[in-house]
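Structure assessment
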Amino acid sequence: MQRSYLDSSAPIAALATPPGPSALAVLRAAGPGSIELAASCFSRPRALASARHRELVHGRLLDPATGEEIDEILAAVFRAPRGPIGEDCVELSLHGSPAVARRALAALEAAGFAPALPGEFSFRAFLNGKLDLVEAEALRELVDAGSEGARAEALRRLGGGLSARLAALRSGLVGLLAELEARLDYDEEEGAPAGLEARSLGALRAEVEALAASYAAGRLYESGARVVVAGRPNAGKSSLFNLLLREERSIVAGEPGTTRDWIEAGIEVEGLPIRLVDTAGLREAEGEAEAAGVARSRDLAARAEAVIYVVDSVAGLAPEDEAFLAARPDAIRAWNKVDDPRGGPAPEPFLPLSAATGAGLPALAAALAEALAPRFGRAAVPGGRAGEEALRVASSRQKLLLDRAAAALAAAERGLGRGAALDALALDLREAADALGEITGEVASEEVLEAVFSRFCLGK
Ligand SMILES: Nc1nc2c(ncn2[C@@H]2O[C@H](COP(=O)(O)OP(=O)(O)OP(=O)(O)O)[C@@H](O)[C@H]2O)c(=O)[nH]1
Ligand SMILES: [Mg+2]
């Protein structure tokens, strides 16, 4: 039978590092009695059982049934209510072979630990008030961060800035609600309390809406911005794609029409995560397959967050180039093959580039980062660091709840405007306060909590 996350009385254990050979593997064990249980399969049981908070104990892990040695280990001890989880906890550093990790986990299970559910350690940290739901989600984002930008964003949310802002918004609302309910219960007076006016509700709603809107930027850190390399056949798109990737992924050849289907790869430019797309050259296609490729190139370019448009400086500008650039005026323009003396100088605002030698690449990367900065909610990217430090949400769960809060606040505003009954206003404000509370987990149901934490990896 599947254990429930809410059964927090069980001591639990799981591997916190990925399975596979490595220098070290870490096993986590937590819950009431976990230090004594771990001591029961340790060569120095008394040293481990009496260890202080944050003490490291060296010894050997033993099979509790046979006494057989499994590995020489280092155990880090955390005592409730301190430590990252707020419960008694032992982290065992083992040698990182899959065989050792498997045997060690089996030993802990034989000693009485239940296998932890995904995210169960974080869930318990949440229950013990060590982090709220926004911070828990930030922790998962940090573990998943694939780029420098995503790492910095997740760490910022983990720092609690967003949680604090949400808590302040909610406590303002709860204050208003308390006044309103007191008036409903005891007051003979008609009308809404003094603090409750359409203007102040409007300001609250605007802030909630701004946070909801920040999701567009927040999620880009996880998904990456799509950047399409476009241009006529033979312009050097695949060469530039490979150069940015630092590997020979896309086929480069002298004959035009080499790339037929698009290829996508993840890269990082000045800390921003990017999904770079190489496309078929844009021209009047000669066959059905190429025509389909060209149509797809246009479609991809139209939907991309940014486009790098490559022109072969030897071939020069053609009417097709002008037509494309007129339709996508924000495209970053690259004047390629400047190493070839037959080419003319780069016309404004083209950036000179040689995909063959790499000349001009830093300026092109900087232009790309600058063009993408607003999409990532950054004012600018000087030296590759975040410009402005606005709060952003990155989970769709948070975004949907912010939308719900904004809609309820808008309803309250309208009600106030037409003199609606106070109890109807109270309902709307309660709905908004609950939606905000659910974001940080203050009022989240069991179901919501399970849904959030079950997306974590094992051992987290
Ligand atoms: N001299 C020089 N040659 C280049 C440069 N970039 C690309 N080439 C050459 O130009 C030819 C076409 O390059 P690709 O990268 O395949 O061009 P493409 O735009 O992907 O072409 P299609 O896939 O056919 O649309 C190849 O022979 C490359 O070696 C450059 O910077 N300098
Ligand atoms: Mg190509």
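Residues numbered from 1 in each chain as written. Chains lettered and ligands numbered in written order. Predicted model: local features only at pLDDT ≥ 70, side-chain atom pairs only at ≥ 80, totals over all residues. Heavy atoms only, no water.

**Considering helix H11 (residues 288-303)**
Look at H11: 23 Å from first C-alpha to last across 16 residues, which is about the 22 Å you get at 1.5 Å a residue. For H11, the complete set of buried residues consists of Glu 290, Gly 293, Val 294, Ser 297, Leu 300 and Ala 301. Each buried residue of H11 sits inside an arc of 125 degrees when the element is viewed along its axis, so together they form one side. For H11, the exposed residues set more than 90 degrees away from the buried face come down to Glu 288, Ala 302 and Arg 303. Here the buried face of H11 lies against strand E7 (225-231), strand E9 (272-278), strand E10 (306-312) and helix H12 (319-327). (Helix = DSSP H or I, 4+ residues; strand = E, 2+ residues; numbered from the N terminus. Expected span 1.5 Å × (residues − 1). Buried < 20%, exposed > 50% of the residue type's maximum accessible area, 1.4 Å probe, protein only. Arc of directions from axis to C-beta. Contact = heavy atoms within 4.5 Å.)

**Brief notes about helix H15 (residues 422-440)**
An ideal rise of 1.5 Å per residue puts 27 Å on 19 residues; H15 measures up with 28 Å between its terminal C-alpha atoms. Within the span of H15, buried status applies to Leu 422, Leu 425, Ala 426, Leu 429, Ala 432, Ala 433, Ala 435, Leu 436, Gly 437, Glu 438, Ile 439 and Thr 440. Tucked inside the fold, the buried residues of H15 contact helix H4 (120-127), helix H5 (133-144), helix H7 (161-186), helix H8 (198-213), helix H14 (396-417) and helix H16 (446-453). Positioned one or two residues after H15, Gly 441 has a phi angle of 95 degrees, which is positive.

**So, the coordination of the magnesium ion (ligand 2)**
Coordination of the magnesium ion (ligand 2) by the protein involves Ser 238 (OG) and Thr 259 (OG1), with metal-donor separations of 2.0 Å. Linking Ser 238 in helix H10 (residues 237-245) with Thr 259 in the loop between H10 and strand E8 (263-269), this pair joins segments that are 21 residues apart in sequence. (Donors = N, O, S within 2.8 Å, 3.2 Å for Na, K, Ca; no water.)

**Observations concerning the confidence of the model for the protein chain**
Scored by pLDDT, the protein chain comes out at a mean of 89, with 95% of its residues at no less than 70. Overall, residues 381-388 carries pLDDT values under 50, and its contacts beyond four positions in sequence, including any with other chains, amount to 15 contacts. (pLDDT = per-residue confidence, 0-100.)

**Topic: the site of ligand 1**
Close to ligand 1 lie 22 residues, the nearest being Lys 237, Ser 239, Gly 257, Thr 258 and Asp 339. One of the backbone N or O atoms of Gly 257 is found 2.7 Å from an oxygen atom in ligand 1. Within the contact set of ligand 1, an oxygen atom lies 2.7 Å away from a backbone nitrogen or oxygen of Thr 258. Its free accessible area being 650 Å², ligand 1 has 85% of it covered by the protein chains. Ranked by residues supplied to the shell around ligand 1, first place goes to H10 with 3 residues. Of the residues belonging to the shell around ligand 1, the class tally is 7 nonpolar, 11 polar and 4 charged. (Near = heavy atom within 4 Å. Polar contact = N/O pair within 3.5 Å; in protein donor to acceptor, adjacent residues only side chain to side chain. Areas by Shrake-Rupley, 256 points an atom, 1.4 Å probe, with all protein chains shown as cover. Nonpolar A, V, L, I, M, F, W, Y, C, P; charged D, E, K, R; others polar.)

**With respect to the sheet that holds strand E11 (residues 332-336)**
Strand order across the open sheet formed by 6 strands is E8-E9-E7-E10-E11-E12, with mixed pairing between neighbours. Unpaired on one side and paired on the other, E8 and strand E12 (351-352) mark the two borders of the sheet. Relative to E9, E7 runs parallel, the two being bridged by 5 bridges. Residue Arg 226 lies in a different strand from E9, and its bridge partner there is Arg 275. Each of E7, E10 and E11 touches H12; the most contacted strand, E10, lies at about 165 degrees to it. Running at roughly 170 degrees to E11, helix H13 (residues 361-372) makes contact with E7, E8, E9, E10, E11 and E12 of the sheet. (Pairing = 2+ DSSP bridges. Axes fitted to C-alpha atoms, helices over the stretch in contact; angles between N-to-C directions.)

**Quick look at the pattern of salt bridges**
Following the criterion strictly, the structure yields 30 salt bridges and no others. With its nearest N and O atoms 2.5 Å apart, the salt bridge here joins Arg 151 to Glu 148. Note that Arg 151 and Glu 148 are positioned in helix H6 (residues 148-158) at a spacing of 3 residues, about one turn of the helix. Residue class for Arg 151 comes out partly exposed when judged on its relative accessible area of 33%. We classify Glu 148 as partly exposed; its relative accessible area is 38%. Look at the salt bridges and you will find they share partners, linking Glu 141, Glu 153, Arg 156, Arg 157 and Arg 392 into a network. (Salt bridge = Lys/Arg side-chain N within 4 Å of Asp/Glu carboxyl O.)

**Overview of the pairing of E7**
Counting buried residues along E7, 7 of its 7 residues qualify, which places the element largely inside the surrounding structure. Side-chain alternation along E7 places Ala 225, Val 227, Val 229 and Gly 231 on one buried face and Arg 226, Val 228 and Ala 230 on a second face that is also buried. Examined bridge by bridge, E7 and E10 share 5 bridges and lie parallel to one another. Directly across from Val 227, in E10, lies its bridge partner Ala 306.

**Remarks on the nonpolar core**
Core analysis: the largest hydrophobic core is formed by 33 residues, its most contacted members being Leu 201, Leu 402, Leu 429 and Leu 436. At the level of secondary structure, the elements contributing two or more residues to this core comprise H7, H8, H14 and H15. If you tally residues by element for this core, the top one is H15, at 9 residues. Every residue in contact with Leu 402, bar those within four places of it in the chain, is listed here: Leu 166, Val 208, Leu 211, Ala 212, Val 393, Leu 436 and Ile 439. In terms of nonpolar packing, the next biggest core, distinct from the first, is built from 31 residues, Ala 235, Leu 272, Leu 361 and Leu 364 among them. (Core = buried A, V, L, I, M, F, W, Y, C linked by side-chain atoms within 4.5 Å.)

**Quick look at the sheet that holds strand E4 (residues 69-78)**
Taken together, 6 strands build an open sheet; the order of strands is E3-E4-E5-E2-E1-E6 and the sheet is mixed. For this open sheet the edge positions go to strand E3 (56-62) and strand E6 (114-115), each flanked by a neighbour on one side alone. Bridging between E3 and E4 involves 7 bridges; their strand directions are antiparallel. Paired with Leu 62 across the bridge in E4 is Glu 69. The strands touched by helix H3 (residues 98-111) are strand E1 (12-15), strand E2 (22-30), E3, E4, strand E5 (89-96) and E6; relative to E5, the strand with the most contacts, the crossing angle is about 150 degrees.

**Some details on the packing of aromatic side chains**
Per the counting criterion, the structure on display carries 7 aromatic pairs. Taking 5.9 Å as the distance between ring centres and 45 degrees as the angle between the ring planes, the aromatic pair formed by Phe 126 and Phe 453 counts as tilted. Of this pair, Phe 126 sits in helix H4 while Phe 453 sits in helix H16, and the two are 327 residues apart along the sequence. Summarising the burial analysis for this pair, Phe 126 and Phe 453 share the class buried. (Phe/Tyr/Trp six-rings, centres within 6.5 Å; stacked < 30°, edge-to-face > 60°.)

**Some details on the packing of H7 against H8**
Relative orientation of the contacting elements H7 and H8 amounts to 155 degrees, with a least axis distance of 12 Å. Classified by the angle between their axes, H7 and H8 sit roughly antiparallel to one another. Once H7 is placed against H8, the crossing between them reads as left-handed. Every residue of H8 that contacts H7 at Leu 162, Arg 165, Leu 166, Leu 169, Leu 173 and Leu 176 is listed here: Leu 201, Leu 204, Glu 207, Val 208 and Leu 211. Counted by class, the contact of H7 with H8 contains 9 nonpolar, no polar and 2 charged residues. (Parallel < 35°, antiparallel > 145°, perpendicular 65-115°, else oblique. Left-handed = near helix turned anticlockwise from the far one by under 90°.)

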